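Chains, contacts and geometry: an overview
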Amino acid sequence: DLTTESKDKFSNSIVLFQGIEVRLYDVFFDSSADDELPLRQLLNNEKIIIGKIPQKAGKFYFEREFEKDSEEPKSFSDIINERIVLLSDEPGMGKSTTFKNAALRIKKKFPLQWVLYVDLKLYFASYKKFKNVEHWTTEGIVDLFAHMFKFNKLDRAAFNAKLCSKQATLLFDGVDEISPDYKEFIIKLIHQIYTLTFNQLWIASRPHCVREIKDIL
């Protein structure tokens, strides 16, 4: 076991968390993940990288306004703290670009958040492997994302810590583009995350799926 002195020293070690330098304590702020810490790297003062930098949105991005029911249009800064953001628009209107841009801006404003852009059409093998979503715990959700994004042991532990402490923002893009075989799975997954973790969720879809998404939130 680590001594108190060693824990304090390691807790103040600087790590690269999704491209931003933070203290290790800011990622793992309790003793539950002691077994997951990369002790050899810490002892040797090696650079420790946790998570990947959110994906860039492309070379050009034009600022957008967001409409919420009958309210006045809102800017990005107006909605950045909303727990649920549901973006609905027709194909080709820039939903994916908006979400990638949002992921980068959220990470910049909240550097201790784990920000994850999820292009839902890319992970059918994971959906097939993890199919009993209605019975999941938070640990099961973490296992799914670890499989989807090929997290290493340290990434998985950090993602679990952030998810359980309401310090994750998940941006789900393309609910409407999922094969009918897995659409129900994704809807249930979003519902489970919403129910179990109380983290921020961004969801993009074409208008015909909006009612189904709203029913679970």
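With respect to the overall build of the protein chain
Broken down by element type, the protein chain carries 10 helices and seven strands. Counting every position in the protein chain, which comprises 217 residues, the buried fraction comes to 44%. A separation threshold of at least 6 residues defines the contact pool for the protein chain, and within that pool the share at least 24 residues apart is 72%. Roughly 12,200 Å² of accessible area belongs to the protein chain as shown, and the carbon and sulfur atoms make up 49% of that amount.

Some details on the pattern of salt bridges
Evaluation of the coordinates by the stated rule reveals eight salt bridges. A salt bridge links Arg23 to Asp26; the shortest N-O distance between them is 3.3 Å. Overall, Asp26 belongs to the buried group, its relative accessible area being 19%. Of the charged contacts in the structure, one is a salt bridge between Lys121 and Asp119, with a shortest N-O distance of 3.1 Å. Note on Asp119: relative accessible area 15%, which makes it buried. In this structure, a network of salt bridges that share partners links the residues Asp119, Lys121 and Glu177.

A look at the environment of Ile193
Among the structural elements, Ile193 can be located in helix H9 (residues 180-196). Considering only alpha carbons, one finds Ile193 and Ile141, 52 residues apart in sequence, at a separation of 7.6 Å. In this structure Ile193 touches Arg83, Ile141, Phe145, Leu170, Phe172, Phe198 and Leu201, once residues within four positions along its chain are discounted.

As for the sheet that holds strand S2 (residues 20-23)
In spatial order, the strands read S2-S1-S3; together these three strands make up an open sheet with mixed pairing. Only two strands of the sheet have a single neighbouring strand rather than two, namely S2 and strand S3 (49-50). Sheet analysis places strand S1 (residues 14-17) next to S3, joined by two bridges and oriented parallel. Following the sheet pairing, Leu16 is matched in S3 by Ile49.

The rules behind each value
Residues numbered from 1 in each chain as written. Predicted model: local features only at pLDDT ≥ 70, side-chain atom pairs only at ≥ 80, totals over all residues. Heavy atoms only, no water. Helix = DSSP H or I, 4+ residues; strand = E, 2+ residues; numbered from the N terminus. Buried < 20%, exposed > 50% of the residue type's maximum accessible area, 1.4 Å probe, protein only. Contact = heavy atoms within 4.5 Å. Areas by Shrake-Rupley, 256 points an atom, 1.4 Å probe, with all protein chains shown as cover. Salt bridge = Lys/Arg side-chain N within 4 Å of Asp/Glu carboxyl O. Pairing = 2+ DSSP bridges.

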